[in-house]
Amino acid sequence: MDQRNYTSLHGFILLGFSDHPKLEMVLSGVVTVFYLITLVGNTAIILASLLDSHLHTPMYFFLRNLSLLDLCFTTSIVPQMLVNLWGHDKTISYVGCVIQLYVYMWFGSIECLLLAVMSYDRFTAICKPLHYLVIMNPHLCLKMVITVWSISLANSLVLCTLTLNLPRCGNNLLDHFLCELPAMVKIACIDTTAVEMSVFALGIVIVLTPLILILISYGYIAKAVLRMKSKAGQRKAVNTCGSHLTVVSIFYGTIIYMYLQPGNNASKDRGKFLTLFYTIITPSLNPLIYTLRNKDMKDALKKLIRVDHKSTKSRRNWKS
């Protein structure tokens, strides 16, 4: 692609997959479908868990937070991405790029920490069932969520500010489909080793530390499940924890590959597809993972559908 055709005085050019026009057409359809699934699935989980009093528990409080996070996460990326995929204009304003950079890093950090909090909730529920509601009281749950959002915001402010302060010498071509931190670092016209090491160090704190805590929690959970005499209890514990563990595996696998490599050695196209996976596809899979293996959530969704069906039917009768 001739880069001379891509100049902008007031923003950045998101090259994305512009070297492959046919792939862009396919991706625009795929992204649209998965975005709609994300919107419908996560909204349904939030409404179902709010309307069903049986789901007013710490586990579903954190699940609602995860669903809200996924909605915000994808919405901060997908609309601009679809605009760039559908048309020839690949630009994004400077302000829009800065906002996307901060928000994207903020929400991504939240998900890392929130998954760790959810694993602690499962650990308490299975390993200390008699004291579960006392330990995981509403005040503590709210405090944990506020702490997660606050730490993640601080991480975003530090890393993104460091990145934006790098001189770019007029270079505004981002070889990505969004304003992501590694792509912004690459267009700097000075040695970025210090910033890359800062990203790597904070990545260890935000990504690896929660992952280690998750693995420790599941080590204790596995011991507790093996000690259970009831097969039904074991099955319920495995189903509940299996959903969370599946989400953890998918999310952390791609994040670690993308952000915990000194010098960001991921290949260009592979990095784009991995980013596409954990920003677009993973949030749409979360509702499916949590509902297909969770009887309580499936029952709540059925109630929600019945309520919606009854209200629609009553409106039709009233109009007639």
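Because the structure is a prediction, the values reported are computed rather than measured.

Each helix and strand counted, the protein chain has 11 helices and three strands in total. The linear arrangement of helices and strands in the protein chain, starting from the amino end, is β-α-α-α-β-α-α-α-β-α-α-α-α-α. Here the protein chain, with 320 residues, has 49% of them falling under the buried criterion. A separation threshold of at least 6 residues defines the contact pool for the protein chain, and within that pool the share at least 24 residues apart is 78%. Accessible surface, the protein chain as shown: approximately 16300 Å² in total, 68% of it carbon and sulfur.

As a further point, take the state of the cysteines. All told, the structure shown has two disulfides when counted by the stated rule. Disulfide partner of cysteine 97: cysteine 179, at an S-S distance of 2.0 Å. An S-S torsion of about -120° defines the bridge between cysteine 97 and cysteine 179 as left-handed. Of this pair, cysteine 97 sits in helix α4 (residues 94-127) while cysteine 179 sits in the loop between β3 (173-174) and α7 (181-186); the two residues are 82 residues apart in sequence, bridging distant segments of the chain.

Looking now at the sheet that holds strand β1 (residues 11-14). Strand order in this open sheet of three strands is β2-β1-β3, and the pairing throughout is mixed. The outermost strands of the open sheet, each flanked by one partner alone, are β2 (91-93) and β3. In this sheet, β2 lies alongside β1 in antiparallel orientation, the contact comprising three bridges. Paired with glycine 11 across the two strands is serine 93, which belongs to β2.

Here the focus is the packing of aromatic side chains. Under the counting rule described, the total for this entry stands at nine aromatic pairs. For the pair phenylalanine 17 and phenylalanine 177, a centre-to-centre distance of 5.9 Å together with 20° between the ring planes defines the contact as stacked. Of this pair, phenylalanine 17 sits in the loop between β1 and α1 (21-51) while phenylalanine 177 sits in the loop between β3 and α7, placing them 160 residues apart in sequence. Considered together, phenylalanine 17 and phenylalanine 177 belong to a single accessibility category, that of buried residues. Centre to centre, the rings of tryptophan 106 and phenylalanine 107 are 5.3 Å apart; their planes meet at 20°, and the pair counts as stacked.

Criteria and cut-off values
Residues numbered from 1 in each chain as written. Predicted model: local features only at pLDDT ≥ 70, side-chain atom pairs only at ≥ 80, totals over all residues. Heavy atoms only, no water. Helix = DSSP H or I, 4+ residues; strand = E, 2+ residues; numbered from the N terminus. Buried < 20%, exposed > 50% of the residue type's maximum accessible area, 1.4 Å probe, protein only. Contact = heavy atoms within 4.5 Å. Areas by Shrake-Rupley, 256 points an atom, 1.4 Å probe, with all protein chains shown as cover. Disulfide = S-S within 2.5 Å. Pairing = 2+ DSSP bridges. Phe/Tyr/Trp six-rings, centres within 6.5 Å; stacked < 30°, edge-to-face > 60°.

None of this, on its own, says anything about what the molecule does.
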